[in-house]
Amino acid sequence: MTLLNKALTIAGSDTSGGAGMEADLKTMEELGVFGMTALTCIVTMHPTTWEHSVYPLPMDLIEKQLVTAIEGVGINAMKTGMIGSPDLVELVAETIDKYELKNVVIDPVMVCKGCDLILAPDAAAAIKKLLLPRCDIITPNTVEAAYLADMAEVKTVEQIKEAAQKIVAAGAKSVVIKGGERLSDKAAIDIFYDGQEFVEMAEPKIYPSYNHGAGCTFSAAITAGLANGMTMKDAVLQAKAFVTAALKHGFAINNIVGCTNHTAYKKYGA
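Residues numbered from 1 in each chain as written. Predicted model: local features only at pLDDT ≥ 70, side-chain atom pairs only at ≥ 80, totals over all residues. Heavy atoms only, no water.

A. Region of interest: the overall build of the chain. Along the chain, the regular secondary structure elements total nine helices and 11 strands. For 270 residues, the compact-globule estimate of 2.2 N^0.38 gives 18 Å, and the chain sits close to it at 17 Å. A burial count over the chain gives 52% of its 270 residues as buried. Sequence-distant contacts in the chain: of pairs separated by 6 or more residues, those separated by 24 or more amount to 65%. A total accessible area of about 12200 Å² is found for the chain, and carbon and sulfur atoms account for 54% of it. Averaging the positions of the 23 positive and the 31 negative side-chain charges in the chain gives two centres separated by 4 Å. (Helix = DSSP H or I, 4+ residues; strand = E, 2+ residues; numbered from the N terminus. Rg over C-alpha atoms; globule rule 2.2 N^0.38 Å. Buried < 20%, exposed > 50% of the residue type's maximum accessible area, 1.4 Å probe, protein only. Contact = heavy atoms within 4.5 Å. Areas by Shrake-Rupley, 256 points an atom, 1.4 Å probe, with all protein chains shown as cover. Lys, Arg positive; Asp, Glu negative; His and termini not counted. Charge placed at Lys NZ, Arg CZ, Asp CG, Glu CD.)

Below is the structure:
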């Protein structure tokens, strides 16, 4: 009998299936990890405008899910996704401490695609204060990185490296900052930093860009790699290859949005 390593995602449910815990579980399964969830909210979309509606779940229900996964099954790694309130951030921090959790991946989810504003300032402040010092790696985009590093902006490779150093100095064991479409460079550049070395990962930008769920997929792939015993650097490199393949073979799910293809890495290669 083959025993799979186990990982937990603390995230919202994206009813469309492209992001959130749906993307996390698909990614984990593709990488040979048994995934579990503690749902924080359910997100629905209007079928013609794609306007999002967010329905938070009660805190006591989230806590019971955490107990089920951690005490009832056990985990080798964990990640966060949408945790949109200070109280929920505090619960996650307390859970990390209580169970002395290892391989903690924080995907800060402070902004949405196409938006450069911090959506929930109170929750963002709590993530910065409580989860950044407790994580093994944090995976911000450039807007989130600027917030975490107390910088006015992060728009160049040099600024990404500066932000990475400041984020690690603030308590994170390591960080990978996603350049994505916000960088003017022709390449999609992500930079990993662990306090010792910078690793620059660049791939040509992909058009058309069916990238709904790409950030969730990337952090979930890192989590899966860590659950399987990979080093942090190797887990990040695998995640970059996984999400690049998923983007290369992304597809439209309707006339408004397109998603990453979570089967692409195994089916087509990096």
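Having put the structure on the table, let's press on.
B. Up close: unusual backbone geometry. Going from Y207 to P208, the amide bond is cis rather than trans, its omega being -5°. The residue V109 is not glycine, and still its phi comes out positive at about 45°. Along the chain, V109 turns up in the loop between β5 (104–106) and α4 (121–131). Exposure remark for V109: the relative accessible area of 33% places this residue in the partly exposed category.

C. Looking closely at the side chain of T27. Structurally, T27 can be placed in helix α1 (residues 20–30). Relative accessible area serves as the criterion here: at 0%, T27 is assigned to the buried category. Once residues lying within four places of it in the same chain are set aside, the contact partners of T27 are T217, A220, A221, F242 and H262.

D. Spatial organisation of a negative patch on the surface. A cluster of acidic residues, D60, E63, D87, E90 and E94, forms a negative patch at the surface. Taken together, the elements giving at least two residues each to the negative patch come down to α2 (59–72) and α3 (86–99). Broken down by element, the negative patch gets its largest block of residues, three residues, from α3. Its place among the elements puts D60 in helix α2. (Patch = residues over 30% accessible without salt bridge, like charges linked within 9 Å, V, L, I, M, F, W, Y side chains within 5 Å. Salt bridge = Lys/Arg side-chain N within 4 Å of Asp/Glu carboxyl O.)

E. Just the packing of α2 against α3, in detail. The interhelical angle for the contact between α2 and α3, taken along N-to-C directions, is 25°, at an axis separation of 11 Å. One finds that α2 runs roughly parallel with respect to α3. Crossing handedness for the pair α2 and α3: right-handed. Mapping the contact onto sequence places M59, I62, E63, L66, V67, I70 and E71 in α2 and D87, L88, L91, T95, K98 and Y99 in α3. Across the contact of α2 with α3, the residue classes tally to eight nonpolar, one polar and four charged. (Axes fitted to C-alpha atoms, helices over the stretch in contact; angles between N-to-C directions. Parallel < 35°, antiparallel > 145°, perpendicular 65-115°, else oblique. Left-handed = near helix turned anticlockwise from the far one by under 90°. Nonpolar A, V, L, I, M, F, W, Y, C, P; charged D, E, K, R; others polar.)

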